[in-house]
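# Structural characterization, general
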Amino acid sequence: MRPPVTTLTVVIHPMKLLDKALDHPDTVFQRPADVLSCDELSHDEKIRVLRRWEYDARLLEVAQEENMQSDQPGMLSEILRALQKLHARRIPSGPSKSGGA
């Protein structure tokens, strides 16, 4: 007879969560809406995470325009809607496609 299966709950320290989310938001959150509902992040931290995700999404769009294939779905519109819900100021895009100068 096998012992009962127990569920392991992993708790990530808020600073480690933020660090990981800023490095790779899509490895911490499935959707931009998940960032909005994360109680461990402050309002400003949520904006920072979504801005990083926005940058990554813009780079992905540029790569796809250049016929580089990706298995990741485009999430730019979802990210922008999440930022809008946080009343984040819109950062004007620069001359490049990724929003940078």
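Residues numbered from 1 in each chain as written. Predicted model: local features only at pLDDT ≥ 70, side-chain atom pairs only at ≥ 80, totals over all residues. Heavy atoms only, no water.

### Some details on the pattern of salt bridges
- Applying the stated rule across the entire model yields four salt bridges.
- Salt bridges sharing common partners tie together Arg51, Glu54 and Arg58. (Salt bridge = Lys/Arg side-chain N within 4 Å of Asp/Glu carboxyl O.)

### Some remarks on the side chain of Glu54
- Summarising the element assignment, Glu54 is placed in helix 4 (residues 43–65).
- Leave out the neighbours within four places in its chain, and Glu54 touches Leu76, Ile79, Leu80 and Leu83. (Helix = DSSP H or I, 4+ residues; strand = E, 2+ residues; numbered from the N terminus. Contact = heavy atoms within 4.5 Å.)

### Focus on unusual backbone geometry
- Even without being glycine, His87 reaches a positive phi, approximately 55 degrees.
- Tracing the sequence through the fold places His87 in the segment after helix 5 (76–85).
- On the basis of relative accessibility, which here comes to 70%, the residue His87 falls in the exposed class. (Buried < 20%, exposed > 50% of the residue type's maximum accessible area, 1.4 Å probe, protein only.)

### What to know about the nonpolar core
- Formed by 20 residues in total, the largest nonpolar core has its most connected members in Phe29, Leu41, Val49, Leu50, Trp53 and Ile79.
- At the level of secondary structure, the elements contributing two or more residues to this core comprise helix 1 (14–23), helix 4 and helix 5.
- Filtering out sequence-adjacent residues up to four positions away, Ile79 remains in contact with Pro32, Leu50, Trp53, Glu54 and Ala57. (Core = buried A, V, L, I, M, F, W, Y, C linked by side-chain atoms within 4.5 Å.)

### Comments concerning the packing of helix 4 against helix 5
- Closest axis-to-axis distance for the helix 4/helix 5 pair is 9 Å, and the angle between their directions is 155 degrees. When the interaxial angle is binned, helix 4 and helix 5 end up roughly antiparallel. The handedness of the crossing between helix 4 and helix 5 comes out as left-handed. Residues Ile47, Leu50, Arg51, Trp53, Glu54, Ala57, Arg58 and Glu61 of helix 4 pack against Leu76, Ile79, Leu80, Ala82 and Leu83 of helix 5.
- Looking at side-chain class alone, the contact of helix 4 with helix 5 contains nine nonpolar, no polar and four charged residues. (Axes fitted to C-alpha atoms, helices over the stretch in contact; angles between N-to-C directions. Parallel < 35°, antiparallel > 145°, perpendicular 65-115°, else oblique. Left-handed = near helix turned anticlockwise from the far one by under 90°. Nonpolar A, V, L, I, M, F, W, Y, C, P; charged D, E, K, R; others polar.)

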